[in-house]
Amino acid sequence: DRVWALDLPDGRPGRAVVLRFEAELPEPAPGEREPVARSSPAGPLTIVIARSSARLHQDLVELRVRLAAAGIALLAIGVAATSFLVRRALAPVAALGERATAIGPDSLGARFPPGGQVVELEPIRERLNELLDRVEAAFERERRFTADAAHELRTPIAEIHAAAELALAYPADAEVVRHAVDTA
């Protein structure tokens with residue numbers, strides 16, 4: 001059996017199929033009469049059937065168009081679903097980022113609460129809380145240092161200020177001015 005493309009006698013494209021088989025005429029049943037003449041001898045027969053393939057080509061074009069449309073639709077659905085799933089999966093990261101953005105020098109006591117986070121973000125939450133602890137401690141040390149430095153500098157600055165006022169009050173007295181400069 002074989003199938004091939006061909007041009008039909010009217011010029012249209014077509015497809016043909018060849019079927020080969022052995023023909024056997026049945027033996028008459030007992031008591032039946034033998035046919036007078038057999039129209040074809042028993043033996044190998046070949047049948048060739050050809051038909052226009054225009055409808056097949058039209059169906060194939062339609063199938064290609066439908067498959068292309070389905071592919072484009074599936075691609076669009078895939079892109080939309082992927083975008084949705086990525087945004088949904090990254091929402092906890094965005095929330096963590098927004099919470100981190102809200103923390104400033106005046107709100108260093110704020111922490112990232114446990115729970116409600118994706119399990120994969122839990123180590124990040126813990127490290128951020130540890131970082132906030134260290135930053136808060138550093139800010140507190142800086143505040144204490146600034147307060148201590150301001151307290152320690154008040155007395156020397158007050159002495160310099162008093163010496164300068166004394167020198168300004170008695171500019172003609174060279175000894176007072178010299179003592180004020182030495183004090184400063």
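Residues numbered from 1 in each chain as written. Predicted model: local features only at pLDDT ≥ 70, side-chain atom pairs only at ≥ 80, totals over all residues. Heavy atoms only, no water.

### Some remarks on the overall build of the chain
Inference 1: For the chain, the helix and strand inventory stands at three helices and three strands.
Inference 2: Counted from the first residue to the last, the chain has its helices and strands arranged as β-β-β-α-α-α.
Inference 3: Its C-alpha atoms give the chain a radius of gyration of 51 Å, clearly above 16 Å, the size a compact globule of 184 residues would have.
Inference 4: Projected onto its principal axes, the C-alpha coordinates of the chain cover approximately 165 × 45 × 20 Å.
Inference 5: For the chain, the proportion of its 184 residues judged to be buried stands at 11%.
Inference 6: Summarising the internal contacts of the chain: among those between residues at least 6 apart in sequence, 43% fall at separations of at least 24.
Inference 7: Here the chain has roughly 14700 Å² of accessible surface; of this, 63% comes from carbon and sulfur atoms.
Inference 8: Each charge sign in the chain was given a centre, from 22 positive and 27 negative side chains, and these centres are 12 Å apart. (Helix = DSSP H or I, 4+ residues; strand = E, 2+ residues; numbered from the N terminus. Rg over C-alpha atoms; globule rule 2.2 N^0.38 Å. Buried < 20%, exposed > 50% of the residue type's maximum accessible area, 1.4 Å probe, protein only. Contact = heavy atoms within 4.5 Å. Areas by Shrake-Rupley, 256 points an atom, 1.4 Å probe, with all protein chains shown as cover. Lys, Arg positive; Asp, Glu negative; His and termini not counted. Charge placed at Lys NZ, Arg CZ, Asp CG, Glu CD.)

### Some remarks on the pairing of strand β2 (residues 13–23)
Inference 1: Pairing of strand β1 (residues 2–7) with β2, which is carried by six bridges, proceeds in the antiparallel orientation. Residue A5 lies in a different strand from β2, and its bridge partner there is R15. (Pairing = 2+ DSSP bridges.)

### Things to note about a nonpolar patch on the surface
Inference 1: A cluster of nonpolar residues, L19, F21, L45, I47 and I49, forms a patch on the protein surface that exposes about 380 Å² of accessible area.
Inference 2: With three residues, strand β3 (residues 43–52) is the largest single contributor of residues to the nonpolar patch.
Inference 3: Among the structural elements, L19 can be located in strand β2.
Inference 4: You can call L19 partly exposed: its relative accessible area is 33%. (Patch = residues over 30% accessible without salt bridge, like charges linked within 9 Å, V, L, I, M, F, W, Y side chains within 5 Å. Salt bridge = Lys/Arg side-chain N within 4 Å of Asp/Glu carboxyl O.)

### Some details on the pairing of β1
The side chains of a regular strand alternate, residue by residue, between the two faces of the sheet.
Inference 1: Summarising burial for β1: zero of the six residues are buried, a small minority.
Inference 2: Hairpin connection from β1 to β2: five residues lie between these consecutive antiparallel strands, with G11 at a positive phi of about 95°.

### Quick notes on helix α1 (residues 54–102)
Inference 1: A rise of 1.5 Å per residue sets the reference length of α1, with its 49 residues, at 72 Å; its end C-alpha atoms lie 70 Å apart and thus fit the reference within 8%.
Inference 2: Roughly 45° is the biggest bend found in α1, and it falls at A91, with proline P92 one to four residues downstream. (Expected span 1.5 Å × (residues − 1). Bend = angle between axes of the 7 residues up to and from the residue.)

### Points about the environment of A69
Inference 1: Looking at the element boundaries, A69 is found in helix α1.
Inference 2: Residues A69 and R2, spaced 67 residues apart in sequence, show a C-alpha to C-alpha distance of 34 Å.

### Observations regarding the packing of helix α2 (residues 122–169) against helix α3 (residues 174–183)
Inference 1: One can describe the packing of α2 onto α3 by two numbers: an axis separation of 9 Å at closest approach and a directional angle of 160°. Judged by the angle between their axes, α2 and α3 are roughly antiparallel. Remark: the crossing between α2 and α3 carries left-handed chirality. On α3, the residues that touch E159, A163, L166 and A167 of α2 are V176, V177, A180 and T183. (Axes fitted to C-alpha atoms, helices over the stretch in contact; angles between N-to-C directions. Parallel < 35°, antiparallel > 145°, perpendicular 65-115°, else oblique. Left-handed = near helix turned anticlockwise from the far one by under 90°.)

### Side note on the side chain of S53
Inference 1: Within the secondary structure layout, S53 lies in the loop between β3 and α1.
Inference 2: Within the structure, the side chain of S53 is placed 3.5 Å from the backbone nitrogen of G14, a separation counted as a polar contact. (Polar contact = N/O pair within 3.5 Å; in protein donor to acceptor, adjacent residues only side chain to side chain.)

Coordinates in, geometry out; function isn't part of it.
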